[in-house]
Amino acid sequence: MSEFYNQEAVLLRILKDKLDPELYEYAVNELEIFYEKCYDEFDLRAVHTDREGQPQLIKYNRFGDDVSEIWVNEGYKKTVEDTYNSGIVGYVYKPIPGLGRKGNYLYSYAQGYLLSQVEPGFYCPVTLTMAVAYLIDQFADEGLKEKFLPHVLSTGEVELYEGATFLTERQGGSDVGANEVQAVKDGEAYRLYGEKYFASNAGQCGVATVLARIEGSEHGTKGLSLFLVPWRKDDGTINGIQVRRLKDKLGVRAVPSAEIVFEGSTAYLVGDPKKGFYYMMEALNLSRVCNAIASLGIMKRALKESYEYADWREAFGQKIINYPMVQCTLTNLQARYEIELSALYELIELFDRVMNHRDQASEEEIALNRLLIALLKARTAGEAIDFSHEAIEVHGGNGYIEDFVTPRLLRDAQVLTVWEGTANILGLEVLRLIKKYQAHQLFFKKIHKVLTGHSLDQKWIKPIEEKLEKLKVMLIRLEGEDQVAQTYHARRIANYMTDIYLAAHAVERIENERDEIIARLLIDHLYGDHGLDEDMLQVKEFDKIMKPRTLCVK
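Residues numbered from 1 in each chain as written. Predicted model: local features only at pLDDT ≥ 70, side-chain atom pairs only at ≥ 80, totals over all residues. Heavy atoms only, no water.

If you look the protein up in an unreviewed UniProt entry, it shows as Acyl-CoA dehydrogenase from Melghirimyces algeriensis. Of the protein, the UniProt comment under Sequence similarities (unreviewed entry) reads exactly: "Belongs to the acyl-CoA dehydrogenase family." (UniProt positions renumbered as here; feature names shortened; annotations may be inferred.)

The structure is reproduced here in structure tokens:
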């Protein structure tokens with residue numbers, strides 16, 4: 001049995017449950033190849049990119065002309081080629097050769113999860129390309145689709161156009177309604193003027209989606225329109241874009257993030273000029289799921305490195321993996337990783353239905369989709385940091401040394417709490433969904449269904465039920481409070497809901513004795529009083545918990 005099957009039994013169990021047999025067989029074979037490529041090739045390139053081979057801005061040519069070129073190393077370019085040719089973006093929209101049918105988001109996100117274990121920095125450009133593909137496919141006219149979509153979906157047959165989404169401006173940040181970039185009509189197209197302050201994948205993207213304000217449009221988000229902006233003109237020269245500087249980032253150094261200035265860049269309007277913000281927010285939901293996938297990839301890598309190091313390192317006469325506190329750390333991480341990956345895929349299954357069949361999706365499904373995205377994006381981003389921290393501690397002093405992957409994991413994980421919305425912003429999203437769609441009632445309905453159909457001892461169900469009732473009381477009380485009180489408590493409410501959702505999902509997925517142990521560990525992590533632990537499941541059941549490879553066979 002290959003390392004892929006040993007390491008990814010949890011993922012394979014999920015995919016076997018959610019993909020039809022034909023797509024599952026194809027996906028597993030391709031994922032095994034991709035996994036080996038990730039660890040045998042991409043990982044080494046990622047080290048080089050992070051340390052010596054970071055993107056560089058070539059501002060001027062030898063004649064002193066502003067060329068604003070961004071250099072990336074050859075290994076990074078090869079990772080780009082190999083990843084997009086695997087269909088990580090393309091096969092969501094076009095048939096898989098030899099299979100005669102499209103893939104879906106469940107398969108694409110499985111690829112992203114594997115990629116993020118070794119190069120979460122590059123999964124950012126993949127995410128941006130996925131978002132651009134969605135925006136073109138859903139909202140652009142046929143002419144723009146014909147011109148750009150084949151390139152954005154390329155798997156090697158035509159020139160690849162990576163994507164980018166340029167939102168952030170210096171004065172705006174999360175306050176997108178304050179954006180000022182202007183769009184001036186020029187024949188059939190527009191010209192953009194102004195600056196974007198955090199433009200990721202600058203210089204590498206073939207086309208970017210950009211929010212800009214058409215002359216005379218109203219203030220705020222309602223006055224923003226969405227445009228497609230090629231990075232280069234047909235003659236190969238840059239499309240009126242000046243790169244001011246690259247950001248010197250803490251982590252995810254593989255992706256060039258820049259300050260850019262539009263100086264009359266040619267741009268093409270997408271869809272209704274009054275719906276630009278709405279379109280971009282739809283793509284943001286996709287990016288938030290990608291963010292959660294990247295977090296799970298980092299969590300898995302941190303767990304893998306911790307286990308393997310503990311199984312190698314000897315101290316005081318034996319391997320440290322035999323010490324009870326190390327076993328407690330590893331089993332706790334395993335339970336959290338396993339439940340959160342499974343819960344995320346429950347969301348992705350719903351997300352795939354909503355995104356691919358929006359005309360058939362009910363308002364309830366759309367609201368629940370947005371709610372779960374907000375909850376799980378916030379939680380998994382924080383967990384990626386915590387897992388990376390725990391991995392460093394398991395490694396001791398070695399964990400702090402750049403010869404090991406652990407420092408990079410921590411640096412790369414930190415941005416995931418910021419990208420696609422901080423926990424505060426996501427708390428406000430939860431509050432909006434509660435007010436507009438009564439999303440909490442959908443949430444209660446879902447949780448009650450799980451808790452009435454379980455087989456777990458009531459001892460473990462009781463704390464979930466108690467927290468659920470407390471959440472209901474909190475929401476009733478907040479309903480009568482003013483805006484200040486409601487927004488103050490929004491993040492707290494979101495955290496309460498996330499704990500309940502994960503605990504209930506841990507119960508829902510129980511199929512065997514090991515699943516029950518995992519559920520008990522997760523519930524104890526969330527709700528235990530953490531006094532003396534008489535059961536000591538982490539030690540007594542260590543092998544059963546930490547060797548899930550028996551869960552799935554090919």
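Undergrad: What's the story with the packing of aromatic side chains in this structure? I'm lost.
TA: Two aromatic rings are characterised by how far apart their centres lie and by the angle between their planes. For the structure on display, the rule yields 20 aromatic pairs. Taking 5.8 Å as the distance between ring centres and 80 degrees as the angle between the ring planes, the aromatic pair formed by Phe 34 and Phe 42 counts as edge-to-face. For the pair Phe 34 and Phe 42, one class covers both residues: buried. Ring geometry for Tyr 190 and Phe 227: centres 5.1 Å apart, planes at 65 degrees, overall edge-to-face. One end of the pair, Tyr 190, is in strand β7 (residues 189-200); the other, Phe 227, is in strand β9 (residues 224-230), with 37 residues separating them in the sequence. (Phe/Tyr/Trp six-rings, centres within 6.5 Å; stacked < 30°, edge-to-face > 60°. Buried < 20%, exposed > 50% of the residue type's maximum accessible area, 1.4 Å probe, protein only. Helix = DSSP H or I, 4+ residues; strand = E, 2+ residues; numbered from the N terminus.)

Undergrad: It is not clear to me how helix α16 (residues 513-527) should be interpreted in this structure. Could you clarify?
TA: Since one α-helical turn is 3.6 residues long, residues separated by three or four positions face the same way. In this model α16 runs 21 Å from its N-terminal to its C-terminal C-alpha over 15 residues, within 8% of the 21 Å that 1.5 Å per residue would give. Of the residues making up α16, those classed as buried are Arg 514, Asp 515, Ile 517, Ile 518, Ala 519, Arg 520, Leu 521, Leu 522, Ile 523 and Tyr 527. Residues of α16 that are buried sit in contact with α2 (9-18), α9 (324-356), α14 (458-479), α15 (483-508), α17 (537-540) and α18 (542-546). The distance from a side-chain oxygen at the start of α16 to the backbone nitrogen of Arg 514 is 3.1 Å, and the residue carrying that oxygen is Asn 512. (Expected span 1.5 Å × (residues − 1). Contact = heavy atoms within 4.5 Å. Polar contact = N/O pair within 3.5 Å; in protein donor to acceptor, adjacent residues only side chain to side chain.)

Undergrad: What exactly am I supposed to notice about the domain arrangement of the protein here?
TA: Frequently, the measure chosen for interface size is the accessible area removed from exposure when the parts meet. As far as domains go, the protein holds domain 1 (3-153), domain 2 (163-273) and domain 3 (278-546). Taking only C-alpha atoms into account, the centre of domain 1 sits 23 Å from that of domain 2. Contacts between domain 1 and domain 2 engage 32 residues on the former and 31 residues on the latter. Summed over both sides, the interface between domain 1 and domain 2 buries roughly 2,500 Å², with carbon and sulfur atoms accounting for 69% of that surface. Broken down residue by residue, the surface that domain 1 buries against domain 2 is led by Ile 70, Leu 128 and Phe 148, which jointly contribute 21%. Between the two partners, domain 1 and domain 2, sit 2 salt bridges. Glu 69 serves as the salt-bridge partner of Arg 232, at 2.7 Å between the closest nitrogen and oxygen. Here domain 1 is connected to domain 2 by 7 residue pairs in polar contact (both at pLDDT 80 or more). (Domains from an automatic or database assignment. Buried area = accessible area lost by both parts, 1.4 Å probe. Salt bridge = Lys/Arg side-chain N within 4 Å of Asp/Glu carboxyl O.)

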